[in-house]
Amino acid sequence: MTVRTCAAAAALLASAGCGASTSSSQPAENLPPVNVQAGSLKSGFANMERLAEAAKREGELNVIALPRDWVNYGEIIDTFADKYGLKVNELEPGASSRRQIDAAAQLKPDVFDLTLDVAVREAARFAPYKVLGWQDLPDDVKDPSGAWYAAYGGYMSIGYDPRAVKPPASFADLLQPGYRVALDGDPLRSASAFGGVMAASMRAGVPRPEQGVELFAKLKQGGRLTDLARANTIVAWDHLNAARSAGQPDAWQVTIPRDAALGGYHVQAINKAAPHPAAARLWQEFLFSDEGQNLLQKGWARPARGEAMTMKGTLDTAQAAKLPKAPGPPVLMTIPQADAAKAYLKREWTKSVG
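Keep in mind the model is a prediction, meaning the values are calculated, not measured.

**Things to note about the nonpolar core**
- If you look at the biggest cluster of nonpolar residues, it comprises 78 residues, and the most contacted ones within it are Tyr 73, Phe 80, Phe 171, Phe 216, Leu 282 and Trp 283.
- Per element, the largest residue contribution to this core is 8 residues, and it comes from helix H11 (residues 277-288).
- Sequence-distant contacts of Phe 171, defined by excluding residues within four places in its chain, comprise Ile 158, Gly 196, Ala 199, Ala 200, Leu 215, Val 235, Pro 257 and Ala 260.
- Core analysis: the second largest hydrophobic core is formed by 20 residues, Ala 104, Leu 116, Val 118 and Leu 332 among them.

Structure (structure tokens):
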């Protein structure tokens, strides 16, 4: 993956995919036996009806690290449970990607929602499964075997109170008087906060972690790096800032700086040791369906199948128009870049910023 996303990678935030047919014209007696460990709907279940029946026999689904206020997961979980008559067990909603993997043997989740770097490193733990419309997902956002694949993405953004400060045109503007700035957590532990530091570090599309640390160190030294409750400016993923703006548009607005269009995405995977393998596969099909993708967009995320759904006329275009305006294709950090940046922050953040 290059530093600047190519056309395929750019499709991450407004991307691909038409679904295939979900039914079979064959009589039930002519269909092969259900295989709940199959790598696709067709090979294991023949159609969505048989997959749903197999999942209902299992009765439950274990999800992990899905806060109900994150990209509308509360409504997504409830809709899935009602639609298919399954009990959804919500394990450790606040868990990080790393914690999901570390706790898997004990908690036994069926599915994961992960950052790319963790998914790539842990791909051997996942059961390959290619959802309907697999061929429409860009190569840069999926594992060729089907071990993991992106469902939604976003841009790093600056949310601000227009009553208190002027609209910031860049991260450098945050050094001007009046801004009280917060990150969405600790960048040594939070992927969102780490992304905020990296967005502030971008120079001509290349992350310079020392520049990001320097900016936040200056804010700290000036007494203007604060917590979320006291901030009039918050650096976070655009879906988080957009959700806050939706509740108070006159008091909170969102911008994605033109010189720092840092993008990121979350990928889905099925636990190879899933206790409910059919339900896990049904969950993936639901997330990547038109319904699931629109529900993610309702939570201000940018659905991976957005472009294809626009072409089909199935995307909620009214909601899409409300998303923060992006200045152009996202810049996606490579895993080596992210690793190098994390190592730098581990050495420098505490002593420079605290």
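Let's pick the thread back up.
**Description of the environment of Glu 122**
- Position of Glu 122 relative to the elements: it lies in the loop between helix H7 (116-121) and strand E4 (149-160).
- Along the chain, Glu 122 and Pro 187 lie 65 residues apart, while their C-alpha atoms are 22 Å from each other.
- If near-sequence neighbours (up to four positions away) are discounted, Glu 122 is found in contact with Arg 98 and Ile 101.
- Side-chain polar atoms of Glu 122 contact the side chain of Arg 98, separated by 3.0 Å.

**Quick look at the confidence of the model for the protein chain**
- Looking at the protein chain, pLDDT values average 91 and 92% of them are 70 or higher.
- Between residues 1-12, whose pLDDT stays under 50, and residues either more than four places distant or in other chains, the model counts 39 contacts.
- Confidence over residues 14-25 falls short of pLDDT 50; this stretch has 41 contacts with residues more than four positions distant or in other chains.

**Side note on the packing of aromatic side chains**
- Within this structure, the stated rule accounts for 9 aromatic pairs.
- When the centroid spacing of 5.6 Å and the interplanar angle of 55° are considered together, the rings of Phe 80 and Phe 286 count as tilted. On the criterion of sequence distance, the pair formed by Phe 80 in helix H4 (residues 73-84) and Phe 286 in helix H11 is long-range, its members being 206 residues apart.
- With relative accessibility at 2%, the residue Phe 286 sits in the buried group.
- These aromatic residues form a ring-pair network of at least three members: Tyr 73, Phe 80, Tyr 84, Tyr 152, Trp 283 and Phe 286.
- In this structure, Lys 342 is placed above the aromatic ring of Phe 194, and the distance from its NZ or CZ to the ring centre is 5.6 Å.

**Some remarks on the pattern of salt bridges**
- On inspection of all chains with the given rule, the structure shows 20 salt bridges.
- With a shortest N-O distance of 3.3 Å, Asp 102 and Arg 98 are connected by a salt bridge. Taken together, the residues span about one helical turn, with Asp 102 and Arg 98 both in helix H5 (residues 97-102) at a distance of 4 residues.
- For Asp 102, a relative accessible area of 51% gives the class exposed.
- Given the relative accessible area of 34%, Arg 98 is considered partly exposed.
- Glu 214 serves as the salt-bridge partner of Lys 218, at 3.4 Å between the closest nitrogen and oxygen. One end of the pair is Lys 218 and the other is Glu 214, both in helix H9 (residues 209-221) and 4 residues apart, which spans about a single turn.
- The class of Lys 218 is partly exposed, set by a relative accessible area of 41%.

Cut-offs applied
Throughout this document, residue positions are counted from 1 along each chain, in the order its sequence is written. Selection of residues for local features in this predicted model requires a pLDDT of at least 70, selection of side-chain atom pairs for listing and counting requires 80 or more, and totals for whole chains, interfaces and linings are taken over all residues. Each side-chain value is derived from all of the structure's non-hydrogen atoms; neither hydrogens nor water enter the calculation. For our purposes a nonpolar core is just a set of buried Ala, Val, Leu, Ile, Met, Phe, Trp, Tyr and Cys residues, chained together by side-chain atoms within 4.5 Å. Each residue is assigned to one of three classes by its accessible area relative to the maximum for its type, calculated with a 1.4 Å probe on protein chains only: buried under 20%, partly exposed between the two thresholds, exposed over 50%. In this description a helix means any DSSP run of H or I spanning at least four residues, a strand means any run of E spanning at least two, and both kinds are numbered starting from the N terminus. Contact between two residues is taken to exist if any of their heavy atoms lie within 4.5 Å; hydrogens are not considered. Polar contact is defined as a pair of N or O atoms within 3.5 Å, subject to the rule that within protein one atom must be able to donate a hydrogen and the other to accept it, and that residues adjacent in sequence are counted only when both atoms are side-chain atoms. The quantity called pLDDT is the predictor's confidence in a given residue, expressed from 0 to 100. Two rings belonging to Phe, Tyr or Trp (six-membered ring only in the last case) form a pair when the distance between their centres is within 6.5 Å. Interplanar angles under 30 degrees mark stacking, angles over 60 mark edge-to-face geometry, and anything in between is tilted. Cation placement over rings: the criterion is NZ of Lys or CZ of Arg within 6 Å of the ring centroid and within 35° of the ring normal. Definition used for salt bridges: Asp or Glu carboxyl oxygen within 4 Å of a side-chain nitrogen of Lys or Arg.

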